[in-house]
Amino acid sequence: MVVIVEVMPKEGILDPQGVAVRNALHQLQYAEVQQVKVGKRIILELDTNDPVAAKSRAEEMAETLLANENVETFRVILPEEVSA
Amino acid sequence: MKWGVLVFPGTNRDYDAYDVFARILGHDTRYIWHRERDLDGLDAIMLPGGFSYGDYLRCGAIARFSPVMEELIRFANSGRTVFGVCNGFQVLTESGLLPGTLLRNRSLRFINEDWPLRVERTDTRFTHLCSEGQVMTVPIAHNEGNYFLGGDDLKRLEDRNGVLFRYCSPQGEVNDASNPNGSVNNIAGVINEAGNVLGMMPHPENRTDPLIGGTDGLVLFESMVAELSQA
């Protein structure tokens, strides 16, 4: 099954990518854009069908390697939870 | 004394480091491939710059789990000298041997320039031959050199005098105008509590020969040698 690890810059941490994208959008006349955050989505395909186990393993992977909690936050979601 | 230069896939400043130890200092030096586990007989290990694992995920994040790293952490914990420059510094922060994280430069640009650094301490094995407040100019060449450490952790680092180098003006002033990349408190290099692990973004190894721009960086290597030959 597939689990998704979403990694975002922590609140309050300078996100120069987000600032650059916001500036570019302003230049394109999208004046309503207040803030942009750029993160990443890591899609893992695991050889299990147990969503609880899959999420708990993915969380462990995020803590160990996928995210740096000094400057990033992460959440683990299933594909059907994406809109949440 | 015997030096090791750690090489990951994507490391590209390994020869610069090797050249300082082998040719300029005339010491026994060997490369350590990241799959090796045997660090016996080495006195000091340098982690050079580059783009280990293509900087995928985060700079240094994947290199940190290379087979050699377990041994390197043991080597560091035994009190022997570990010196990371640029990508090597990023690997040391990812591995937890040094605090902080190197974020993207605030300008979003790769910076390749000579930059003055102020030496903040002269009581370490890396800087004991420096003079108090010495300013050395060495190259910086990075895209992710923006040192970040949050609130309490930053205070702890400053309180224990863990900052060894700060970006400064040629006159030694530390302020926003002399900060190339947005690093908190102009931090360019930090040392661990035990004083045997140093990480820095600038490249002192590239200022060790008068033929290629000067010798401002040599004093670091001479300090390490002097300390080790006393021991």
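If you're wondering where the values come from, they're calculated on a predicted model, not measured in any experiment.

Caption draft 1: Structural detail: the overall build of chain B. Helix and strand counts for chain B stand at five helices and 11 strands. Here the C-alpha radius of gyration of chain B, 16 Å, is about what a compact globule of 231 residues would show, namely 17 Å. Seen through its C-alpha atoms, chain B measures out along the principal axes to roughly 45 × 35 × 35 Å. Considering only residue pairs separated by 6 or more positions, chain B has 75% of its internal contacts joining residues 24 or more positions apart. When the accessible surface of chain B is split by element, carbon and sulfur atoms take 47% of a total near 9200 Å². Side chains of chain B give 21 positive and 30 negative charges; the mean places of these two sets differ by 5 Å.

Caption draft 2: Structural context of the packing of aromatic side chains. Residue and element names in this part refer to chain B. Overall, the coordinates contain seven aromatic pairs over all chains when judged by the stated rule. Here tryptophan 3 and phenylalanine 21 contribute two aromatic rings whose centre-to-centre distance is 3.9 Å and whose plane-to-plane angle is 15 degrees, an arrangement assigned as stacked. Highlighted residues: tryptophan 3 in strand β1 (residues 2-7) and phenylalanine 21 in helix α1 (residues 14-24), separated in sequence by 18 residues. Exposure remark for tryptophan 3: the relative accessible area of 1% places this residue in the buried category. On the numbers, 5.7 Å between centres and 70 degrees between planes, the contact of phenylalanine 21 with phenylalanine 221 is edge-to-face. Of this pair, phenylalanine 21 sits in helix α1 while phenylalanine 221 sits in helix α5 (residues 218-230); the two residues are 200 residues apart in sequence, bridging distant segments of the chain. Over the ring of phenylalanine 65 we find arginine 64; its NZ or CZ atom is 4.3 Å from the centre of that ring.

Caption draft 3: Just α1 of chain B, in detail. Residue and element names in this part refer to chain B. Those residues of α1 that fall on the buried side of the exposure criterion are Asp14, Ala17, Asp19, Val20 and Phe21. Close packing links the buried residues of α1 with β1, β2 (28-33), β3 (44-47) and α5. Just downstream of α1, glycine 26 is the residue with a positive phi angle, here 70 degrees.

Caption draft 4: Inspection of the interface of chain A and chain B at higher detail. In this assembly, 15 residues from chain A lie in contact with 15 residues from chain B. Area buried by chain A at its contact with chain B is led by Pro16, Leu65 and Asn70 of chain A, which between them contribute 37% of it. For the pair chain A and chain B, the number of links is one salt bridge. Note that arginine 58 of chain B is salt-bridged to glutamate 72 of chain A, the shortest N-O span being 3.9 Å. Remark: the boundary between chain A and chain B carries six residue pairs in polar contact (both at pLDDT 80 or more). Among the secondary structure elements, those contributing two or more residues to the side of chain A that touches chain B are α1 (16-27), β2 (40-45) and α2 (51-66) of chain A. Of the residues that constitute the side of chain A that touches chain B, the class distribution is nine nonpolar, four polar and two charged.

Caption draft 5: Geometry of the environment of serine 178 of chain B. All names here are of chain B. Inspection of the secondary structure assignment puts serine 178 in the loop between β9 (163-167) and β10 (187-191). Overall, the relative accessible area of 3% leaves serine 178 in the buried class. Along the sequence, serine 178 and arginine 166 sit 12 residues apart, while their C-alpha atoms lie 9.4 Å from each other. With residues up to four places along the chain from it excluded, the contact list for serine 178 reads Trp115, Tyr167, Cys168, Ser169, Glu173 and Asn186. Polar side-chain contacts of serine 178 include one of 3.0 Å to the backbone oxygen of glutamate 173. A polar atom in the side chain of serine 178 sits 3.0 Å from the backbone nitrogen of asparagine 175.

Caption draft 6: Looking closely at the sheet that holds β3 of chain B. Residue and element names in this part refer to chain B. Taken together, the nine strands give an open sheet; going across it, the order is β2-β1-β3-β4-β11-β10-β9-β6-β7, and neighbouring strands pair in mixed fashion. With one partner strand each, in any of the chains shown, β2 and β7 (135-142) form the two edges of the open sheet. Neighbour-to-neighbour, the strand axes of this sheet turn through a mean angle of 20 degrees, independent of strand direction. This element, helix α4 (residues 151-159), spans β9 and β10 of the sheet and lies at about 70 degrees to β10.

Caption draft 7: Layout of the environment of asparagine 49 of chain A. With respect to the element layout, asparagine 49 of chain A can be found in the loop between β2 and α2. Expressed as a C-alpha distance, the spacing of asparagine 49 of chain A and asparagine 68 of chain A, which sit 19 residues apart in the sequence, is 28 Å.

Caption draft 8: Up close: α1 of chain A. With 12 residues, α1 of chain A should reach 16 Å at 1.5 Å per residue; the first-to-last C-alpha distance of 16 Å fits that figure. After α1 of chain A finishes, the residue glutamine 29 of chain A shows a positive phi value of roughly 75 degrees.

Caption draft 9: A look at the sheet that holds strand β3 (residues 72-77) of chain A. All names here are of chain A. Taken in spatial order, the three strands of this open sheet run β2-β1-β3, and their pairing is antiparallel. Each edge of the sheet is formed by a strand with only one pairing partner; in this case those strands are β2 and β3. Put simply, the sheet's adjacent strands are angled 20 degrees from each other on average, direction ignored.

Procedures and definitions
- Residues numbered from 1 in each chain as written.
- Chains lettered and ligands numbered in written order.
- Predicted model: local features only at pLDDT ≥ 70, side-chain atom pairs only at ≥ 80, totals over all residues.
- Heavy atoms only, no water.
- Helix = DSSP H or I, 4+ residues; strand = E, 2+ residues; numbered from the N terminus.
- Rg over C-alpha atoms; globule rule 2.2 N^0.38 Å.
- Contact = heavy atoms within 4.5 Å.
- Areas by Shrake-Rupley, 256 points an atom, 1.4 Å probe, with all protein chains shown as cover.
- Lys, Arg positive; Asp, Glu negative; His and termini not counted.
- Charge placed at Lys NZ, Arg CZ, Asp CG, Glu CD.
- Phe/Tyr/Trp six-rings, centres within 6.5 Å; stacked < 30°, edge-to-face > 60°.
- Buried < 20%, exposed > 50% of the residue type's maximum accessible area, 1.4 Å probe, protein only.
- Lys NZ or Arg CZ within 6 Å of the ring centre and 35° of its normal.
- Buried area = accessible area lost by both parts, 1.4 Å probe.
- Salt bridge = Lys/Arg side-chain N within 4 Å of Asp/Glu carboxyl O.
- Polar contact = N/O pair within 3.5 Å; in protein donor to acceptor, adjacent residues only side chain to side chain.
- Nonpolar A, V, L, I, M, F, W, Y, C, P; charged D, E, K, R; others polar.
- Pairing = 2+ DSSP bridges.
- Axes fitted to C-alpha atoms, helices over the stretch in contact; angles between N-to-C directions.
- Expected span 1.5 Å × (residues − 1).

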